[in-house]
Structure formats: structure tokens, C-alpha cells
Amino acid sequence: MSQFQKGKIVKIINGSAIVKLQKQKLECAFRGKLRAQNQTILVGDYVECDVNNSTIEIVCKRENQLLRPPIANVDQVLIVLAPKPKPDFFLVDQVIINSIQNDVKPILILNKKDISDEYFLRDAKEQYGEVVSKIIETSFVDNIGVNKIKKLLKGKTTVLIGQSGVGKSTLLNLICPDVKQEVGELSKKIERGVNTTRSSEIFDVISGGEIIDTPGFSLLSLPNIEPSKLASFYADIEKFTHDCAYSTCDHIRKKAYECGVMRAVENGKLNPKRYARYVELYNMYKIEWAKRYK
Ligand SMILES: Nc1nc2c(ncn2[C@@H]2O[C@H](COP(=O)(O)OP(=O)(O)O)[C@@H](O)[C@H]2O)c(=O)[nH]1
Ligand SMILES: [Mg+2]
Ligand SMILES: [Zn+2]
């Protein structure tokens, strides 16, 4: 077998990386040359290793890269929501924006169907039906919808995202043979600080594909977007922007006859909660954007 082999970084730990090669996993050091070039190395990167010396020699070109969490070569993100803990839709919106910006497909999982009421399911579908590429209802404790997820994961690299307590570990334990994660109550976990210490790791899915568990969703911060471009990351809003009187319309505090987006809210064609959060995020982005020049 050749001394040099291609592989994929599945985990990074203090200056070295676990690389998945064809037949084994190997802990490798980053070669000095890579450090000198200031080359960043991310979980998900394809690399060439010198297996005799356990070093990473080359980092291959990336297809794409998520910034937060920092992961390379991602096909899709699974965003898990549940009726409990209470969904943070503002974070969901931002994860979706982050995905679209990086050419990654967002998929929404509505978990804990066993304890969901009609309102939770309808509300989530009304908000995100036109925005994500799929919505799947699941119950990980009752094994409902898990096969649908397995099918979606086959042959893909998927990032798993969701607030603490929605059921991510429960899913991983069901579909990843190498995973035995602790499942538990939100409050206990925060006390132990589990979510703040863990780093991202890629796992093999039993039926094919790879899934990446990410530590905490609250770490996500604003991607760098010009405020005037923000609406283009909202599929549900963007389609009404063609009806605005001015091409520079920001869809905020306009008279309804000037703005197609505000008319759509008034006519019940655009979800008012999605729109209200757009306004909030727009204002945050405006402040961030202005700071760039200071
Ligand atoms: N009722 C119900 N509880 C679930 C479901 N999936 C996970 N849980 C529970 O939710 C809690 C948090 O699950 P966990 O997998 O640790 O969530 P994580 O923080 O996202 O990894 C645990 O008590 C799980 O047993 C589900 O489909 N229905
Ligand atoms: Mg967990
Ligand atoms: Zn407008």
C-alpha cells in the first residue's frame, strides 16, 4: 500500500486531526509546511496523508464551507425543532440564511411528534414550507420518520443542528453505529457544560452517508451580508420583491402600495412572523454593516 493516502478529517483535537482513510482512522499531525502557508484545516476537509509518518501533507480544495460551525464540504443541514424546548425561530432563520449562502440544502425535522400538538406542526410548516427543501415529522423515541431521514442522508455529508434538548443525540444513537451519546434533560446538561466543551465530529451513518454533530446552535453568529441583499436569502420574501415600486426597496416602513413584500403580509400571502424577524435581522445587519468602516 502506498505511503500516501487520501482521507477526510473527521475530528480536530489540539493541533492534530483524526483522518478517515479507506480502511482505518489515523491521528495525524499537520505538516509544518501547512502551518507556514497559514492553511486553515477544517473538519470535513479532504486531505492527503503520509501514513508512515502520520502527517497531513496536502489539504484539497473545498467545495464549500460553513462558517459557524466551521465545517468543510457539506451537502445539507438537518435543522431539528421540537415543541419542547420552545423553538428559537430567529436562530432557525439564521441557520437557513447561512446554509443558502454556502450552497448547502436546509432540511427541517419536526421531532417529538408524540408530544406535538397540531399548532406546533402547522405553525412550523407555514413558516418554513417554502423556505427549506423538505420538512419531515419524526419521533425519535417511537422510531417514526427515522427511515426517511436515513434515505436523505445516503451518500451525503450532513450537518445536524438544533437547540439542546431537541433530540440530536437520540437520533445519532439510532443511526450511527459508533455513537453512544448521552441523552438527557436540558437543565442537567447545561450544569455539566456538555455542549460548550464538545467539538464537531463526523460520524458514519449505518445506512450510508456521514453526519456531523455540532456543539450548540446558540454559538452561531451573523454571517457577513450586506443588508440590501438580506431579502434574497428569504425564498418566501424574495418572490414578492418584484412587486416593489423601487428596486432599492428594503421592505421596511414603506407604504403598502410601494412595497410588494408588505402587501404580501397584509394579504396573508407572507407569514407575518417570518417578516417581523426579517425586519429585526435587517436592523441588526445594518448596524453590523455600518461598523465595518469604523
Ligand atoms: N417525547 C419525545 N422525547 C424525545 C424525542 N426525541 C428525544 N427525546 C427526549 O428529549 C431529551 C433530549 O434528547 P437529546 O437527544 O439528548 O437532545 P440533544 O440535546 O438535542 O442531543 C431526552 O430526554 C430524549 O429522550 C421524541 O421524539 N419524543
Ligand atoms: Mg446531545
Ligand atoms: Zn419592498
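You'll find the structure just up there.
Only a predicted model underlies this, so the values are computations on that prediction, with no experimental measurement involved.

What counts, and where the lines are drawn
Counting starts from 1 at the beginning of each chain's written sequence and moves along it residue by residue. Whichever chain is written first is A, and whichever ligand is written first is 1; the rest continue in order. Selection of residues for local features in this predicted model requires a pLDDT of at least 70, selection of side-chain atom pairs for listing and counting requires 80 or more, and totals for whole chains, interfaces and linings are taken over all residues. We call a set of buried Ala, Val, Leu, Ile, Met, Phe, Trp, Tyr and Cys residues a nonpolar core when their C-beta atoms link them within 7 Å. Buried means a residue has 20 or more other C-beta atoms within 10 Å of its own C-beta, exposed means 12 or fewer, and partly exposed covers the counts in between; C-beta atoms are placed from the backbone. A run of H or I in DSSP counts as a helix once it spans at least four residues, and a run of E counts as a strand once it spans at least two, with each numbered from the N terminus. Note on pairing: two strands pair once DSSP finds at least 2 bridges between them. To estimate the expected span of a helix, count its residues, drop one, and scale the result by 1.5 Å. Each C-beta atom gives one direction from the helix axis, and the arc is the one those directions make. Contact criterion: two residues are in contact if their C-beta atoms, reconstructed from the backbone, are within 7 Å. Only the contacting stretch of a helix is used when fitting its axis, a line to C-alpha atoms as for every element, and angles between N-to-C directions run 0 to 180 degrees. Note on terminology: angles under 35 degrees are roughly parallel, angles over 145 are roughly antiparallel, angles of 65 to 115 are roughly perpendicular, and the others are oblique. Nonpolar residues are Ala, Val, Leu, Ile, Met, Phe, Trp, Tyr, Cys and Pro. Charged residues are Asp, Glu, Lys and Arg, and all others, Gly as well, are polar.

The next thing to look at is the nonpolar core. If you look at the biggest cluster of nonpolar residues, it comprises 63 residues, and the most contacted ones within it are Ile79, Leu81, Leu108 and Ile109. Looking at this core, the element that brings in the most residues is strand β8 (residues 76–81), giving five residues.

Take the pairing of strand β3 (residues 25–30) next. Across a regular strand the side chains alternate sides, sitting on one face of the sheet and then on the other. Pairing of strand β2 (residues 16–20) with β3, which is carried by five bridges, proceeds in the antiparallel orientation. Across the sheet, residue Ile18 finds its bridge partner in β3, namely Glu27. Where β2 folds back onto β3 in an antiparallel hairpin, the turn is made up of four residues.

Another point: helix α10 (residues 272–291). Quick reminder: α-helices carry 3.6 residues per turn. Residues three or four places apart thus point the same way. The end-to-end C-alpha distance of α10 is 29 Å, a good match for the 28 Å that 20 residues give at a rise of 1.5 Å each. Listed in full, the buried residues belonging to α10 are Tyr275, Tyr278 and Leu281. Down the axis of α10, the buried side of the element spans an arc of 125°, and every buried residue falls inside it. In α10, those exposed residues whose orientation departs by more than 90 degrees from the buried face are Pro272, Ala276, Glu280, Asn283, Ile287, Ala290 and Lys291. The inward-facing, buried residues of α10 abut α2 (89–101), α8 (235–238) and α9 (260–266).

In this section: the environment of Val47. Along the polypeptide, Val47 turns up in strand β4 (residues 46–50). C-alpha of Val47 to C-alpha of Lys254: the two residues are 207 residues apart in sequence and 51 Å apart in space. Ignoring any residue separated from it by four or fewer positions in sequence, one finds Val47 in contact with Gly7, Ile9, Val19, Ile56, Ile58, Val59 and Cys60.

What helix α4 (residues 146–153) keeps buried is the set Ile149, Leu152 and Leu153. Take α4 and look down its axis: the buried residues cluster within an arc of 95°, on one side only. Those residues of α4 that are exposed and aimed more than 90 degrees away from the buried face are Asn147 and Lys151. Taken together, the buried residues of α4 touch β9 (105–110), β10 (134–137), β11 (157–162) and β13 (210–213). Of the residues one or two after α4, Gly155 is the one with positive phi, at around 70°.

So, on to the packing of α2 against α10. Their axes nearest at 11 Å, the elements α2 and α10 cross at an angle of 75°. In this view, α2 runs roughly perpendicular relative to α10, as classed from their interaxial angle. Here Phe89, Phe90 and Asp93 of α2 lie close against α10, whose contacting residues are Lys273, Arg277 and Leu281. Taken together, the residues of the contact of α2 with α10 break down into three nonpolar, no polar and three charged.

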